[in-house]
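# Observations on the model geometry
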Amino acid sequence: MHELSIATSIVDIAWEQARQQGGGRVTGVTLRIGRLSCVHEDALRSSFDLVTEGTPLAGASLAVIEVPVRIWCGPCNAEFELPGIQRFACPACGHLSGDIRAGRELDLESIQIAPDQIAADTPEAKQPEPS
Ligand SMILES: [Zn+2]
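It should be emphasised that the depicted structure is a prediction, and the values quoted were computed from it without experimental measurement.

What counts and what doesn't
Residues numbered from 1 in each chain as written. Predicted model: local features only at pLDDT ≥ 70, side-chain atom pairs only at ≥ 80, totals over all residues. Heavy atoms only, no water. Helix = DSSP H or I, 4+ residues; strand = E, 2+ residues; numbered from the N terminus. Buried < 20%, exposed > 50% of the residue type's maximum accessible area, 1.4 Å probe, protein only. Contact = heavy atoms within 4.5 Å. Areas by Shrake-Rupley, 256 points an atom, 1.4 Å probe, with all protein chains shown as cover. Donors = N, O, S within 2.8 Å, 3.2 Å for Na, K, Ca; no water. Tetrahedral: all angles 85-135°; square planar, octahedral: opposite > 155°, others 65-115°. Core = buried A, V, L, I, M, F, W, Y, C linked by side-chain atoms within 4.5 Å. Pairing = 2+ DSSP bridges.

## Quick word on the overall build of the protein chain
The secondary structure content of the protein chain amounts to three helices and six strands. Scanning the protein chain from its N terminus toward the C terminus, one meets helices and strands in the order α-β-α-β-β-β-β-β-α. Relative to its 131 residues, the protein chain shows a buried fraction of 31%. Residue pairs at least 24 apart in sequence account for 70% of intrachain contacts in the protein chain once pairs closer than 6 positions are excluded. Element-wise, carbon and sulfur atoms account for 51% of the exposed surface of the protein chain, whose accessible area totals about 8200 Å².

As structure tokens, this is what we get:
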């Protein structure tokens, strides 16, 4: 259940940022999660809902940007995106590489904040998912 501790720190950071920007309600959080970060998106979402319940972040949406794995291939002298995480081999020449350049991310990309007074008498409006 390490998703729960991740969700807790996300909420802490988002709340802190909202306070630094003069308060307001956090309506959405966007994360960048690498495919190698071992974070289960579903587990993270339910943890996020659990952790935000009863806090100023309650009802905030959680958006996840999945970051593909990229390795550096010496022989090709280039960086490649891997189609999966089973095999760390260059898609062009097959050279095995442990030089991972991306895919371990677990970053808070952005947070969306609504001013308190607007949130006060506006019913919970679900934001349409960007496609
Ligand atoms: Zn190569």
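## Section: the coordination of the zinc ion
For a metal bound by four donors in a tetrahedral arrangement, the ideal donor-metal-donor angle is 109.5 degrees, while six donors in an octahedral arrangement ideally sit at 90 or 180 degrees. Binding of the zinc ion to the protein goes through Cys73 (SG), Cys76 (SG), Cys90 (SG) and Cys93 (SG), at separations of 2.3 Å. Given four donor atoms and angles of 105 to 113 degrees at the metal, the environment of the zinc ion is assigned as tetrahedral. Sequence spacing among the residues donating to the zinc ion works out to C-x2-C-x13-C-x2-C. Note on Cys73: relative accessible area 0%, which makes it buried. For Cys76, a relative accessible area of 29% puts it in the partly exposed group.

## Some details on the environment of Ala7
As for its position among the elements, Ala7 is in helix H1 (residues 2-20). Taking C-alpha positions, Ala7 is 5.1 Å from Phe48, a pair spaced 41 residues apart along the chain. In contact with Ala7, other than residues within four places in its own chain, are Leu44, Ser47, Phe48 and Val51.

## Focus: the nonpolar core
The biggest cluster of nonpolar side chains holds 18 residues, and the ones touching the most others in it are Ile10, Val29, Leu31, Leu44 and Phe48. Where this core is concerned, the elements lending two or more residues are H1, strand S1 (25-34) and helix H2 (41-52). Here the element with the most residues in this core is H1; it accounts for six residues. Not counting residues up to four positions away in its chain, the partners in contact with Ile10 are Val29, Leu31, Leu44, Phe48 and Leu108.

## Things to note about the pairing of strand S3 (residues 70-73)
Because side chains alternate across S3, one face comprises the buried residues Ile71 and Cys73, and the other comprises Arg70 and Trp72, none of which is buried. Judged from the four bridges that link them, S3 and strand S4 (residues 78-81) form a sheet pairing that is antiparallel. Looking at the pairing, Cys73 lines up with Ala78 of S4. Between S3 and S4, which pair antiparallel and follow one another directly, the connecting turn spans four residues, one of which, Asn77, has a positive phi of 55 degrees. Bridge analysis of S3 against strand S5 (residues 100-102) gives two bridges, and the strand direction is antiparallel. Bridge assignment links Ile71 to a residue of S5, and that residue is Ile100.

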